[in-house]
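# Analysis of the macromolecular model
What follows is each chain in one-letter form.
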Amino acid sequence: EQALGDSGKEKLHLNRKKPPAESASGRGRRSADTAMVNGDRAHEHTEETDSKQDGNGEADGGEESNEQEVIVIQDTGFTVKIQAPGTEPFDLQVSPQEMVQEIHQVLMDREDTCHRTCFSLQLDGNVLDNFAELKSIEGLQEGSVLKVVEEPYTVREARIHVRHIRDLLKSLDPSDAYNGVDCNSLSFLSIFTDGDLGETGKRKKKGSEMEQIDCTPPEHILPGSKERPLVPLQPQNKDWKPMQCLKVLTMSGWNPPPGNRKMHGDLMYLYIVTVEERHVSVTASTRGFYLNQSTTYTFNPKPANPSFLSHSLVELLSQISPAFKKNFTALQKKRVQRHPFERIATPFQVYSWTAPQVDHAMDCVRAEDAYTSRLGYEEHIPGQTRDWNEELQTTRELPRKNLPERLLRERAIFKVHSDFAAAATRGAMAVIDGNVMAINPGEETRMQMFIWNNIFFSLGFDVRDHYRELGGDAAAHAAPTNDLNGVRAYSGVDVEGLYTLGTVVVDYRGYRVTAQSIIPGILEREQEQSVIYGSIDFGKTVVSHGKYLELLEKTSRPLKIQRHSVLNEKNDTVELCSSVECKGIIGNDGRHYILDLLRTFPPDLNFLPVDGVELSPECQRLGFPRQHRHRLACLRQELIEAFVEHRFVLLLCSNNELEENSSKPTTNGPVDPTATQNGECKGPLEGKELEESIPGLAQAKELAETLVAEDGSSIDPKSREVVLNACKAVGSISDTAFDIRFNPDIFSPGVRFPEESADDIQKQKQLLKDAAAFLVSCQVPTLRIGITELITRCAKHIFKTYLQGVELSALSAAVSHFLNCFLSSFPDAVAHLPPDELVSRRKNRKRRNRVPGGGDNTAWASLTPSELWKNIASEAQSYYHFTLQCESVDQVVEKFGLQKITLLREISVKTGIQILIKEYNFDSRHKPAFTEEDILNIFPVVKHVNPKATDAFHFFQSGQAKVQQGFLKEGCELINEALNLFNNVYGAMHVEICSCLRLLARLNYILGDHPEALSNQQKAVLMSERVLGIEHPNTIQEYMHLALYCFANNQLSTALKLLYRARYLMLLICGEDHPEMALLDSNIGLVLHGVMEYDLSLRFLENALTINTKYHGPRSLKVALSHHLVARVYESKAEFRSALQHEKEGYTIYKNQMGEAHEKTKESSEYLKYLTQQAVALQRTMNEIYKNGSNASIMPLKFTAPSMATILDQLNIINGIIFIPLSPKDLENLKAEVQRRQQLQELGKSEEPAEDRSLELEDKIPID
């Protein structure tokens, strides 16, 4: 119940900030929040008729089965009346699936009832069970009255009450977000939109908007500006100047109550100072809160006179402090006006790398949390610490036969995972900060291991030379992340009966800590006895086990792992279905665990020189294989997928027989099978893109995989031969079907294979070489290697070891010194050894038992800028084989055009540094840029498993597929359904919900529903800021989309503010020289053109033209479009010569690329004619004026301000939304066409669609 009990709390029924019954629009247009949490339908029950399940728990059969499977029962909610003491009764919309507890949550969030926490709900005098579903309660129906009845407090309830009141008092205060606690994070969107964008946004914009827009961007945003200020990253939010309700609220020093007072019902004492400077002592008793007569130094627990006994602390304080009453009310009003997405907790903590100087105020709850080790939420759990392993495994064992069961299971898995990640992070920090006793305290620091809160912690060092042959400490540092990737992969496949450990990898203060849940019984026995599958010495001794082989066999196809045999120390053949290091241990709970999954994926031969092994010519040309500092470099799962995908296309192309059978996949451009034999690719797109560009691919793949019965009997000999040859050619392990798998033990030192599998091993070696070649010839060239990224990664490696020698008291001095050496132009940065604030008279004797983070040397202080840059250059050479011929930060900036502010952001984000937000003078040669006061905090960098919502994801994919086939309406419905399911599993905040909302907004926009597009995109932006970070690249894109929908909704000044914000963030994180900047500047230029700011508009459009030309080449179609946009602004300025010049450039590109007859070429040619006429007319008029002076008869010239519609068409084109400008009439036709198809589908006919209109969505997939 624990794991599920809290999930109701997670869901935090936002959909009722104000109950729909109260909102004017009633049920029809429910309050913004309902739609917000649960997509378009409040809650509905989704049931499944027979769910088709295969062994791996994946629903199969593509979207068709999904549609039959899910019968959506429109689940009519009903209204109940809530009667709470001291407030008018009000109506609340509920749904039969909700638990009683969810009503509790709503009441604790509502403005007028938020101050109550300790109450029961009663129907006709019967107390309702918190965990009961509403539908199971007898007599509860439309119109029932639920009474809120105050209940007596217990110590636990009193604590919860005080914590809740503290949360309400801090609800607008961002300090938790800056400090990275309680899953709070920052969001600034509302500052740029002045609050909400929906109906309210429209209301403010009455009258003609043109006159009042101030379009001038701040100076530092203009193209060409060299200034990169940091302060605007966090604009001041006027709501954050908190209204002070109390000066102090803390636990009193008189706690806990003595025995005789306990018998009077005293639970605890609080000490409070009101804004009016009144000092009071309050007793929390079973009956509520009252003033007692204690003072700071005398204990007198008798009630004061008057005692103001109140059931709620808020009621008590409102009586004794007028300021509290006034400000608390105002604060709650503001709190409920904020968009819920600004205040819900995120599932995982997001840290901010900058923060202002925040006053450190007294906070009883925070102080108490720090000293009682609050391990997760103990107060919600009997028996204090949580058995993480049991929780993680039990949730996996929940049933998953139908959709409601799977949702429940996935919600539980996700909840336990996010709790575990938070607890593991806290524990890892406690370990490094020296607050946890080691379980082997006698050993030296590096070897120590820890247990805290039922989690096992180990440090990323090579203890006992375990990794000596693989690269020592470097290998020990890489192993945990490889292992985590393995855990991700196996838990993704989710095979029933096979268990992995909860695993979190935390980098903090230069140390890498692995946190794992504990297998029951493992600590009591020696590893040798426990391991019944795999090897504990990298393959010298190996054992196997039937049950493990059977379980791992189920994972081998999805993970592309080949079952294979190896020899053990006695030369016996042992069969495995994983790498040898993968160990199987049966816990005392009887579960089959696998651990040490660091070699789940095959090695990357480019970084594994093996004697006598030659890589393919294209690898050798690039200088591979290269020596790496450890031998654990392996291929990512995504790469394996892409490689197999690529091989599959080869199979299709080299095999026309198959093509007849499958749905004729068409690739983008012809593929020459011979060119791609060694994994080199010259044709089709890779990976995901490929799947999207070949609509039939997924089906074709299934067809190919199941082309024949197992024995190959069902096809005629001729095609069997074709299949056989094709399968051989692409390295499939089966002769009759496409099935590529890798043997993860190939090239592992110490692993020996039996003679009889020599052929097979040869094939496997070739496959690995092909994959290595595919990586360097196909995948890497599509990445833009960032010098910034390379330099900051090198700096991170150096910083890691630098920090390990720093003691806690010198941490801020050491970090600021490192940043000075890294970024400041000041040549002799000198470390400020902390003037020991507390010099002890006696010299500190050497302590034997030091904690991991307790280094006490001062070697760090001798680092100089030139030494650091030498180290960075040699790290770049040895790790990345990149030659960085620079000896200082200024040379790097000069040579590669980098920005110091970007380097600062990158290193801070990568290492968890938080700095004070202010303007830094990096370029001063007289003083260093940073002082120790500028370093505010150091955060952990956390990696963990992200459990997935599988059903929701399937709906999302089917929705995308529908959209690609042109069925926008059905696509929209499926994606709404996906949104419901995502919310069901993840709660309201999650990065996948973000992409769901973005796509939904785009579809709303294409279907002409601009307000709905605006509302969904606003949520997407808020969520992206909160979950990914305020300046994450995705957030910048979300801002751009929102600006487009604002423009379409006629909110021009908001659209500009959003675009300026996006440009500021883009300048901060990568500077002006970036291909995406061209798109952003085209957007800004177009909007400015629309509001007739021609000169400003030209600055941005001409910059876009420059950037497009640089990155796409002068002959690209993007460049042609840029020329055209610039020409149009010149036309509006009546500078026809410049306009002609640009349009001619564009025309030439269209003609050469598309041919004379193409529509674009014709359009351009028409426009040229028009410009020429205008130019001639203008010249005539001028000549007339010169000739006849003032009495010339002037022909009126057409100077047209561009219409909003034409600007919007251009915006759509550059944002890849609609290829051809659709007039409203076209849109109507399109909608009619979509409906016509729907009817046809229902009739079961299918006829050729009318003329294809090519709409483009995000993923650049033509839709007909």
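Quick note: structure is the one above.
Let me sum up the structure you'll find in this document. Worth saying up front: this structure is predicted, and the values here are computed from it rather than measured.

On a plain count of helices and strands, the protein chain comes out with 42 helices and 27 strands. By residue count, 55% of the 1264 residues in the protein chain fall in the buried class. Contacts in the protein chain between residues at least 24 apart in sequence constitute 70% of all its contacts with a sequence separation of at least 6. As presented, the protein chain carries roughly 56,200 Å² of accessible surface, and 52% of it is formed by carbon and sulfur atoms.

Turning our eyes to something else, we now look at the side chain of His-797. Mapped onto the fold, His-797 is located in helix 25 (residues 787-804). Dropping the residues within four chain positions of it, His-797 is found in contact with Arg-629, Glu-875, Tyr-879 and Tyr-880.

Looking at where Thr-117 falls in the secondary structure, it is placed in the loop between helix 4 (100-109) and strand 5 (119-123). One polar contact links Thr-117 to His-161, side chain to side chain, over a distance of 3.0 Å. Ignoring anything within four residues of it in the chain, the contact list for Thr-117 reads Met-108, Glu-157, His-161 and His-164.

On to helix 5 (residues 155-169), then. Spanning 15 residues, helix 5 covers 21 Å between terminal C-alpha atoms, matching the ideal 21 Å at 1.5 Å per step. If you check which residues of helix 5 are buried, you get Ala-158, Ile-160, His-161, Val-162, Arg-163, His-164, Ile-165, Arg-166 and Leu-168.

Helix 26 (residues 811-823) packs onto helix 25 with a crossing angle of 150° between their chain directions and a minimal axis gap of 12 Å. It follows from the interaxial angle that helix 25 and helix 26 lie roughly antiparallel. Helix 26 is crossed by helix 25, and the crossing has right-handed handedness. When helix 25 is examined against helix 26, the residues Ile-791, Thr-792, Ala-795, Ile-798, Phe-799, Tyr-802 and Leu-803 are found in contact with a partner set consisting of Leu-811, Ala-814, Val-815, His-817, Phe-818 and Phe-822.

Moving on, we come to the pairing of strand 7 (residues 145-150). One ladder, built from three bridges, connects strand 3 (residues 78-83) with strand 7; its direction is parallel. Following the sheet pairing, Lys-81 is matched in strand 7 by Val-145. Of the pairings in the sheet, the one linking strand 5 to strand 7 comprises four bridges and is antiparallel in character. By the bridge assignment for strand 7, Phe-119 is matched with Glu-150.

The next thing to look at is the packing of helix 34 (residues 1033-1048) against helix 36 (residues 1075-1090). Taken N-terminus to C-terminus, the directions of helix 34 and helix 36 make an angle of 20°; their axes are 12 Å apart at the nearest point. Here helix 36 runs roughly parallel to helix 34, going by the angle between their axes. In terms of crossing hand, the pair formed by helix 34 and helix 36 is left-handed. Together, Gln-1037, Met-1040 and Phe-1047 of helix 34 and Glu-1076, Leu-1079, Leu-1080, Asn-1083 and Val-1087 of helix 36 make up the contact between the two elements.

A few words now on the sheet that holds strand 24 (residues 935-938). The three strands are arranged 12-23-24 in an open sheet whose pairing can be described as mixed. Lying at the two open borders of the sheet, with one neighbouring strand each, are strand 12 (354-355) and strand 24. As paired elements, strand 12 and strand 23 (residues 913-916) share two bridges and run parallel to each other. Following the sheet pairing, Thr-354 is matched in strand 23 by Ile-915.

As a further point, take the nonpolar core. If you look at the biggest cluster of nonpolar residues, it comprises 192 residues, and the most contacted ones within it are Ile-791, Phe-822 and Ile-872. The element contributing the most residues to this core is helix 35 (residues 1052-1070), with 13 residues. Dropping the residues within four chain positions of it, Phe-822 is found in contact with Ile-791, Thr-792, Ala-795, Leu-868, Trp-869, Ile-872, Val-889, Leu-903 and Ile-907. Formed by 59 residues, the second largest nonpolar core is a distinct cluster that contains Leu-605, Phe-643, Ile-740 and Ala-773.

Pairing in this open sheet of five strands is antiparallel, and the strands run 13-14-17-16-25 from one edge to the other. Edge strands, defined here as strands with exactly one partner in the open sheet, are strand 13 (449-452) and strand 25 (941-944). Adjacent strand axes in the sheet meet at a mean angle of 20°, parallel and antiparallel pairs treated alike. Bridge analysis of strand 16 (residues 503-508) against strand 25 gives four bridges, and the strand direction is antiparallel. Along strand 25, the bridge assignment pairs Val-505 with Lys-943.

Time to look at the pairing of strand 5. Burial within strand 5 is extensive, with five of its five residues counted as buried. Residues Phe-119, Leu-121 and Leu-123 of strand 5 are buried on one face, and the alternating residues Ser-120 and Gln-122, pointing to the opposite face, are buried as well. Pairing of strand 5 with strand 6 (residues 126-127) involves two bridges; the strand directions are antiparallel. Following the sheet pairing, Leu-123 is matched in strand 6 by Asn-126. What sits between the antiparallel neighbours strand 5 and strand 6 is a turn of two residues, in which Asp-124 has the positive phi angle 50°.

This part takes up helix 11 (residues 322-337). For helix 11, with 16 residues, the first-to-last C-alpha span of 23 Å sits near the 22 Å given by 1.5 Å per residue. When helix 11 is considered as a whole, its buried residues turn out to be Phe-324, Asn-327, Phe-328, Leu-331, Gln-332, Arg-335 and Val-336. Down the axis of helix 11, the smallest arc covering the buried residues is 160°, so these residues share one side. In this structure, helix 11 carries Pro-322, Lys-325, Lys-326 and Gln-337 as exposed residues pointing more than 90 degrees from its buried face. Packing partners of the buried residues in helix 11 comprise helix 4, helix 5, strand 8 (246-251) and helix 10 (313-320).

With that settled, consider unusual backbone geometry. Pro-256 follows Asn-255 through a cis peptide bond whose omega is -15°. Examined against the element boundaries, Pro-256 turns out to sit in the loop between strand 8 and helix 9 (259-262). Here Phe-624 and Pro-625 are connected by a cis peptide whose omega angle stands at 0°. Among the secondary structure elements, Pro-625 is positioned in the loop between helix 18 (617-621) and helix 19 (637-653). The residue Asp-494 is not glycine, and still its phi comes out positive at about 60°. Structurally, Asp-494 is set in the loop between helix 15 (472-493) and strand 15 (498-500).

All told, the structure shown has 31 aromatic pairs when counted by the stated rule. Seen from their ring centres, Tyr-153 and Phe-289 are 5.4 Å apart, and the 75° between their planes marks the pair as edge-to-face. Taken together, the positions of Tyr-153 in the loop between strand 7 and helix 5 and Phe-289 in strand 11 (residues 288-291) put the pair 136 residues apart, joining distant regions of the chain. An identical accessibility class is assigned to Tyr-153 and Phe-289; each is buried. An aromatic cluster is defined as three or more aromatic residues linked by ring pairs; in this entry it consists of Phe-348, Phe-414, Phe-956, Phe-982 and Tyr-986. Over the aromatic face of Phe-90 sits the side chain of Arg-110, whose NZ or CZ is 3.5 Å from the ring centroid. Across the ring face of Phe-461, the terminal group of Arg-446 is positioned such that the distance to the ring centre comes to 4.4 Å.

This brings us to the pattern of salt bridges. Under the definition given, this model contains 56 salt bridges. A salt bridge links Asp-112 to Arg-110, with the nearest nitrogen and oxygen atoms 2.8 Å apart. Overall, Arg-110 belongs to the buried group, its relative accessible area being 8%. Across the pair Lys-900 and Asp-923 runs a salt bridge, and its minimum N-O distance is 2.9 Å. Remark: Asp-923 occurs in the loop between strand 23 and strand 24 and Lys-900 occurs in helix 29 (residues 900-911); sequence separation between them is 23 residues. When its relative accessible area of 53% is taken as the criterion, Asp-923 is described as exposed.

Our focus in this paragraph is the environment of Met-1040. With respect to the helices and strands, Met-1040 occurs in helix 34. Remark: the alpha-carbon pair of Met-1040 and Tyr-1060, spanning 20 residues in sequence, is separated by 9.5 Å. Contact partners of Met-1040, with chain neighbours within four places excluded, come to Leu-1059, Ala-1062, Leu-1079, Leu-1080 and Asn-1083.

With respect to the helices, strands and loops of the structure, Leu-121 is situated in strand 5. Other than its neighbours up to four places away in sequence, Leu-121 contacts Val-100, Ile-103, His-104, Leu-107, Asn-126, Val-127, Leu-128, Lys-147 and Val-148.

How each quantity is defined
- Residues numbered from 1 in each chain as written.
- Predicted model: local features only at pLDDT ≥ 70, side-chain atom pairs only at ≥ 80, totals over all residues.
- Heavy atoms only, no water.
- Helix = DSSP H or I, 4+ residues; strand = E, 2+ residues; numbered from the N terminus.
- Buried < 20%, exposed > 50% of the residue type's maximum accessible area, 1.4 Å probe, protein only.
- Contact = heavy atoms within 4.5 Å.
- Areas by Shrake-Rupley, 256 points an atom, 1.4 Å probe, with all protein chains shown as cover.
- Polar contact = N/O pair within 3.5 Å; in protein donor to acceptor, adjacent residues only side chain to side chain.
- Expected span 1.5 Å × (residues − 1).
- Axes fitted to C-alpha atoms, helices over the stretch in contact; angles between N-to-C directions.
- Parallel < 35°, antiparallel > 145°, perpendicular 65-115°, else oblique.
- Left-handed = near helix turned anticlockwise from the far one by under 90°.
- Pairing = 2+ DSSP bridges.
- Core = buried A, V, L, I, M, F, W, Y, C linked by side-chain atoms within 4.5 Å.
- Arc of directions from axis to C-beta.
- Phe/Tyr/Trp six-rings, centres within 6.5 Å; stacked < 30°, edge-to-face > 60°.
- Lys NZ or Arg CZ within 6 Å of the ring centre and 35° of its normal.
- Salt bridge = Lys/Arg side-chain N within 4 Å of Asp/Glu carboxyl O.

Structural measurements only, silent on function.
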